[in-house]
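Structure at a glance
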Amino acid sequence: MNRRSLLKKSVAAAAGATLFPSIVPAHVLRSETAPSNKLNIGQIGFGRIAAGHDLPETLKNDIARVVAVCDVDSKRKEKGKAFIEDYYRTNSGSDRLVDVKMYDDYRELLASPEIDGVIISTPDHWHAQPAIEAALAGKDVYLQKPTSLTVEEGRMMSDIVHRSGIVFQLGSQQRSEEPWPQFRRACELVRNGRIGTLTKIEIGLPSDPAGGDKTPMEVPSNLNYEMWLGSTPYVPYTEDRVHPQEDFSRPGWLRCEQFGAGMITGWGVHHIDIAHWGMGTEFTGPVEIEATAKFPEEGLWNVHGPYHVVANYANGVEMIVDGDFPNGVRFYGSEGDIFVSRGSQGVTASDPNFGNSDAFKTSITDKDRLTLTDQDLRLYASPEQHRNWLNCMKSRQLTISPVEVAHRSCTACLIAHIAMKVPGKLRWDPVTERFRDNDVANRMLARSQRFPYGYENVPALAGMG
């Protein structure tokens, strides 16, 4: 048995007994009427998505206070502190003014007893490990998508989150009523048979350009580049590989396979999540998958270019993902179709290619068929995604985008990426989360972990193996 397999079995065997001793978040122990009853939130990573989305949506909720910020780039850490404090000074009374604590290492933030939950807005290769360690520390987690860099670390994260009892939310905000109620409406209509028997789903995603400067540069004094690389292999620093030093424009790491899979996970997690929601396949995945893709032959940025993915599910539905389709999700049934997208809205100003004139369009003309009643199946209705997470931190109820659902949508994207690199049709077992009879593809379900980073090197886990 290799160390990775032993680690999985050890976590399963020790759950509850050693690693997960009845974790009770600090706010649960506070008096409901005390001033200290507000949820204390720590922000891990302060960049484009934190400044443009995660913090603005969290700060406006009076039940929470953002009291800490962490980043391996000290300039961004200081900007994060100023951002949060300026918001409270401008928009709140004196009872919400805070002196935001700054951390260079998120593990020190997690060790703080005042922190109830964390928002993880880091690059993709730094998603699973902080979420795992937050769960082990008893902190509730809001995690930016995609859920993980590999299928294996996503499975590890889901198992640990479940056994810890923390409240987890993925930033798959297309499920929430604000700002896009059309996605839930489309899924409810599909689930209630308003387009007849579902037969096919087409998903259109944006794409990223090739390019990027490979020329090595001196590492800025404000950046802990070793920690930024984390579990991934060492490569020379260049600004196009990391993030801009002077602004929060779209970072280059999004286009480097070392740190993510490109748009198949970056946007795929959003749209495939909606496809799963509409199909009712949120806790499983495809059984067959085949893909083609072109990858850049020069330049720094090497994520996939044009691609075509075909995935088949056990329920008989075929899902096709292609960059030439309109950005959105189209459900085809025996009696009609529904197309749903974000319309002209995006999360941040630098979202690529999100513009679309149709937020909701259907071939069904009968208004009665487009009207749902109390007798119909209704899906989870939530307010804005961050607000839903905060509400669930209070109630200890399941969020609208819980960890296993998040893992399954990300897995469908990750195995599509693997299929881009392994010719032919791959057979996938969503129960064992392994490819059938394909060792080459199975070796891509995990990546090596560069010491001392990676979940294999988390002390609470590594000491078990």
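Up top is the structure.
Our subject in this report is the structure included herewith. In this text, all values refer to a predicted model and were calculated from it rather than measured experimentally. (Residues numbered from 1 in each chain as written. Predicted model: local features only at pLDDT ≥ 70, side-chain atom pairs only at ≥ 80, totals over all residues. Heavy atoms only, no water.)

The interhelical angle for the contact between helix H2 (residues 48-59) and helix H3 (residues 74-91), taken along N-to-C directions, is 30°, at an axis separation of 11 Å. The angle between H2 and H3 falls in the class roughly parallel. Handedness of the crossing formed by H2 with H3: right-handed. Residue-level contacts link Arg-48, Ala-51, Leu-55, Pro-56 and Leu-59 of H2 to Arg-76, Phe-83, Ile-84, Tyr-87 and Tyr-88 of H3. Among the residues making up the contact of H2 with H3, the classes are represented as 8 nonpolar, no polar and 2 charged. (Axes fitted to C-alpha atoms, helices over the stretch in contact; angles between N-to-C directions. Helix = DSSP H or I, 4+ residues; strand = E, 2+ residues; numbered from the N terminus. Parallel < 35°, antiparallel > 145°, perpendicular 65-115°, else oblique. Left-handed = near helix turned anticlockwise from the far one by under 90°. Contact = heavy atoms within 4.5 Å. Nonpolar A, V, L, I, M, F, W, Y, C, P; charged D, E, K, R; others polar.)

This part is about helix H12 (residues 403-421). Helix length check: H12 (19 residues) gives 27 Å between terminal C-alpha atoms against 27 Å at 1.5 Å per residue, within 8%. Within H12, 18 of the 19 residues are buried, which leaves it mostly tucked inside the rest of the structure. (Expected span 1.5 Å × (residues − 1). Buried < 20%, exposed > 50% of the residue type's maximum accessible area, 1.4 Å probe, protein only.)

Residues Phe-168, Ile-201 and Phe-331 are the most contacted members of the largest nonpolar core, which totals 124 residues. Among the elements that take part in this core, H12 stands out by supplying 11 residues, more than any other. Discounting chain neighbours no more than four positions away, the residues touching Ile-201 are Ala-275, Met-279, Val-317, Glu-318, Met-319, Ile-320, Val-329, Arg-330 and Phe-331. (Core = buried A, V, L, I, M, F, W, Y, C linked by side-chain atoms within 4.5 Å.)

Let us look at the environment of His-417. By secondary structure assignment, the location of His-417 is in helix H12. His-417 sits 110 residues away from Tyr-307 along the chain, and the two C-alpha atoms are 9.7 Å apart. His-417 has contacts with Glu-257, Ala-261, Ile-264 and Phe-295, leaving out every residue within four places of it along the chain. Within the local environment of His-417, its side chain forms a polar contact with the side chain of Glu-257, the two groups lying 2.7 Å apart. (Polar contact = N/O pair within 3.5 Å; in protein donor to acceptor, adjacent residues only side chain to side chain.)

This part is about the side chain of Gln-174. Summarising the element assignment, Gln-174 is placed in the loop between strand E6 (168-170) and helix H7 (182-191). Judged by relative accessible area, which is 1%, Gln-174 ranks as buried. Of note is the side chain of Gln-174, whose polar atom sits 3.4 Å from the backbone oxygen of His-270. Look past the residues within four positions of Gln-174 in its chain and what remains in contact with it is Trp-180, Phe-183, His-270, His-271, Ile-274 and Arg-342.

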